[in-house]
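This is what each chain is made of:
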Amino acid sequence: MADEALFLLLHNEMVSGVYKSAEQGEVENGRCITKLENMGFRVGQGLIERFTKDTARFKDELDIMKFICKDFWTTVFKKQIDNLRTNHQGIYVLQDNKFRLLTQMSSGKQYLEHASKPTGTAEVHPSQETAEKHEDILATSTVDSCLCW
Amino acid sequence: MSRQANRGAESKKMSSELFTLTYGALVTQLCKDYENDEDVNKQLDKMGYNIGVRLIEDFLARSNVGRCHDFRETADVIAKVAFKMYLGITPSITNWSPAGDEFSLILENNPLVDFVELPDNHSSLIYSNLLCGVLRGALEMVQMAVEAKFVQDTLKGDGVTEIRMRFIRRIEDNLPAGEE
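Residues numbered from 1 in each chain as written. Chains lettered and ligands numbered in written order. Predicted model: local features only at pLDDT ≥ 70, side-chain atom pairs only at ≥ 80, totals over all residues. Heavy atoms only, no water.

Per an unreviewed UniProt entry, chain B goes by Trafficking protein particle complex subunit and derives from Jaculus jaculus. The record in UniProt for chain B states the following under Sequence similarities (unreviewed entry): "Belongs to the TRAPP small subunits family. BET3 subfamily." The Function (unreviewed entry) field of the UniProt record for chain B holds the comment "May play a role in vesicular transport from endoplasmic reticulum to Golgi." (UniProt positions renumbered as here; feature names shortened; annotations may be inferred.)

Okay, structure coming up:
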C-alpha cells in the first residue's frame with residue numbers, strides 16, 4: 001500500500017525530470033508531453049487490465065466512460081468525476097473540480113501566477129496536466145485505449 | 001454489502017498498484033533515455049533525493065516523532081514508522097556494525113517490484129534505487145549525511161532485498177555570513 005503523498009511526489013518528480021532532461025526544442029515540439037503520455041498510457045493499461053479482470057464486458061462507449069468516471073477515477077483519484085458531457089459523436093468531456101494531482105499547487109496563489117492561461121479545452125492525461133484555473137480542470141478524453149476491451 | 005467490502009480492499013490494492021506501475025513506467029522510460037544502467041541508477045538516485053527532501057516534511061508533520069538521539073533510534077524510526085507509513089511494509093534492522101554507524105534494512109517484500117522482472121540486458125540496473133535517494137535526501141534534511149545502497153535484491157535472484165545504510169557524518173547548520 002503506497003501512501004498518496006509518496007505518489008504525488010513521485011509524479012511531480014517524473015514531470016520535472018522529463019522537462020529537465022529535455023533537449024533543445026523538445027519542450028516546444030511536444031516531445032516531453034508525448035513522453036509523459038506514453039508513461040501514463042502504460043500505467044493506465046496495467047491498471048485497467050487488473051481492475052476489469054472480473055467485470056462484465058462493456059456494452060458501449062458510454063458504459064466505458066461511466067466506468068472511467070466512477071470506478072476508475074475513484075480508485076485512482078479517490079473521487080468521482082464531477083461532470084461528464086458528450087456530443088454523442090465520440091467526444092467526451094470529463095470535468096474534475098478538484099484534480100488530486102494538482103490540488104497542492106492550485107490551493108494557493110504561489111504557483112498559479114506561473115500557470116499557463118486557458119485558451120480553450122486542455123487535454124489532461126493521468127501523467128501530465130496543465131492547470132487551467134483555480135481548481136477547475138477540464139479533460140478531453142478519447143476512448144481508444146478502452147475500446148480494446 | 002460484500003461488494004462494498006470488496007471494493008475497499010480492491011481500492012487499497014489498486015493504489016499500491018498505481019504506484020508500482022507508475023514507478024515501472026518511470027524506470028522503463030529512463031532505460032530508453034539513457035544508454036547504460038549506471039546512468040539510470042544515478043538518475044533514479046537523484047530523483048529519489050529530490051523526493052526525499054520533500055517527503056521528510058510530510059513525514060515529520062504526520063508522524064510526530066521527536067528528534068532522534070542516535071543512529072539506532074533513526075534506524076528504528078525509518079523501519080517502523082516511515083516505511084510503514086509510505087510503503088506499508090516494516091523492514092527489519094540487522095547487521096549493525098561494531099561502531100554502530102552501519103546497519104541493514106531487510107525487506108521481505110518490496111512493493112516497487114511487484115510483477116517486475118529484470119531483462120537480461122539490464123543486469124546492473126538497481127531497479128529500486130529511488131529508495132536509496134529518498135533515504136539520503138530525507139536524512140540530509142535532518143542533518144544526517146548517510147549513504148544508502150542495495151546489497152541484495154530479489155530481482156537479481158536473492159532471497160530478500162537488503163539496503164545497507166551507513167552514517168557518514170552529522171551536518172552542522174551553516175549560519176549565514178555575519179551572524180556569528
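The structure having been displayed, the exposition proceeds.
A count of helices and strands for chain A gives five helices and three strands. Each helix and strand of chain A, ordered N terminal to C terminal, gives the series α-α-α-β-β-α-α-β. Per-residue burial over chain A gives 42% buried out of 149 residues. For chain A, the share of sequence-separated contacts (at least 6 apart) that also reach a separation of at least 24 residues comes to 49%. Carbon and sulfur atoms make up 50% of the accessible area of chain A, which totals about 8,700 Å². (Helix = DSSP H or I, 4+ residues; strand = E, 2+ residues; numbered from the N terminus. Buried < 20%, exposed > 50% of the residue type's maximum accessible area, 1.4 Å probe, protein only. Contact = heavy atoms within 4.5 Å. Areas by Shrake-Rupley, 256 points an atom, 1.4 Å probe, with all protein chains shown as cover.)

A tally of regular secondary structure across chain B gives four helices and four strands. Across chain B, helices and strands are ordered from the amino to the carboxyl terminus as α-α-α-β-β-α-β-β. Taken across its 180 residues, chain B has 47% of its residues classed as buried. Pairs at least 24 residues apart make up 57% of the contacts formed inside chain B by residues separated by at least 6 positions. For chain B, the exposed surface amounts to about 9,600 Å²; the carbon and sulfur share of it is 49%.

Residues and elements named next belong to chain A. The topology assignment puts T52 in the loop between α2 (31-51) and α3 (61-77). Separated by 20 residues in sequence, T52 and F72 place their C-alpha atoms 9.6 Å apart. If near-sequence neighbours (up to four positions away) are discounted, T52 is found in contact with F58 and F67.

Moving on, we get to the packing of aromatic side chains. All names here are of chain B. Evaluated as defined, the whole model comprises 11 aromatic pairs over all chains. Relative to Y127, the ring of Y23 lies with its centre 5.3 Å away and its plane at 85°, an arrangement referred to as edge-to-face. With a gap of 104 residues between them, Y23 in helix α1 (residues 2-33) and Y127 in the loop between β2 (102-107) and α4 (129-141) connect regions that are remote in the sequence. Residue Y23 is classed as buried on the basis of its relative accessible area of 0%. For Y127, a relative accessible area of 5% gives the class buried. By way of ring pairs, the aromatic residues F71, W96, F103 and F167 are connected into one cluster. (Phe/Tyr/Trp six-rings, centres within 6.5 Å; stacked < 30°, edge-to-face > 60°.)

Glancing now at the interface of chain A and chain B. Reports often express the size of an interface as the amount of accessible area lost when the parts come together. Facing 25 residues of chain A, the contacting portion of chain B comprises 33 residues. For the pair chain A and chain B, the summed buried area comes to about 3,100 Å², and 70% of that belongs to carbon and sulfur atoms. The interface formed by chain A and chain B contains four salt bridges. Close ionic contact of B:R62 with A:D3 constitutes a salt bridge, the shortest N to O distance being 3.0 Å. In this assembly, chain A and chain B are joined by four residue pairs in polar contact (both at pLDDT 80 or more). Of all elements in the fold, only α1 (4-20), α2 and α3 of chain A reach the threshold of two or more residues within the side of chain A that touches chain B. (Buried area = accessible area lost by both parts, 1.4 Å probe. Salt bridge = Lys/Arg side-chain N within 4 Å of Asp/Glu carboxyl O. Polar contact = N/O pair within 3.5 Å; in protein donor to acceptor, adjacent residues only side chain to side chain.)

Looking now at the packing of α2(A) against α3(A). All names here are of chain A. For the pair α2 and α3, the least separation of the axes is 12 Å and the interaxial angle reads 105°. One way to sum up the angle between α2 and α3 is to call them roughly perpendicular. For the pair formed by α2 and α3, the contact residues are L47, I48 and F51 on the first element and F67, D71, F72, T75 and V76 on the second. Its residues placed into classes, the contact of α2 with α3 shows six nonpolar, one polar and one charged. (Axes fitted to C-alpha atoms, helices over the stretch in contact; angles between N-to-C directions. Parallel < 35°, antiparallel > 145°, perpendicular 65-115°, else oblique. Nonpolar A, V, L, I, M, F, W, Y, C, P; charged D, E, K, R; others polar.)

Turning our attention to the state of the cysteines. Within the structure shown, the criterion is met by zero disulfides over all chains. Free of any disulfide, A:C32 has its nearest cysteine sulfur in B:C31, 19 Å distant. Free cysteine: B:C132, not disulfide-bonded; nearest cysteine sulfur from B:C31 at 16 Å. Residue classification places B:C132 among the buried positions, given a relative accessible area of 0%. (Disulfide = S-S within 2.5 Å.)

Residue and element names in this part refer to chain B. Pairing within the open sheet is antiparallel, and its four strands lie in the order β1-β2-β4-β3. Of all strands in the sheet, those bounded by a partner on one side alone are β1 (92-94) and β3 (144-152). Averaged over all pairs of adjacent strands, the angle between strand axes in this sheet comes to 30°, irrespective of strand direction. The sheet contact formed by β3 and strand β4 (residues 161-170) spans eight bridges and is antiparallel. Directly across from K149, in β4, lies its bridge partner R164. Lying over the sheet, helix α3 (residues 71-87) contacts β1, β2, β3 and β4, oriented at roughly 15° with respect to β2. Taken strand by strand, α4 contacts β2, β3 and β4, and its axis lies near 165° from that of β3. (Pairing = 2+ DSSP bridges.)

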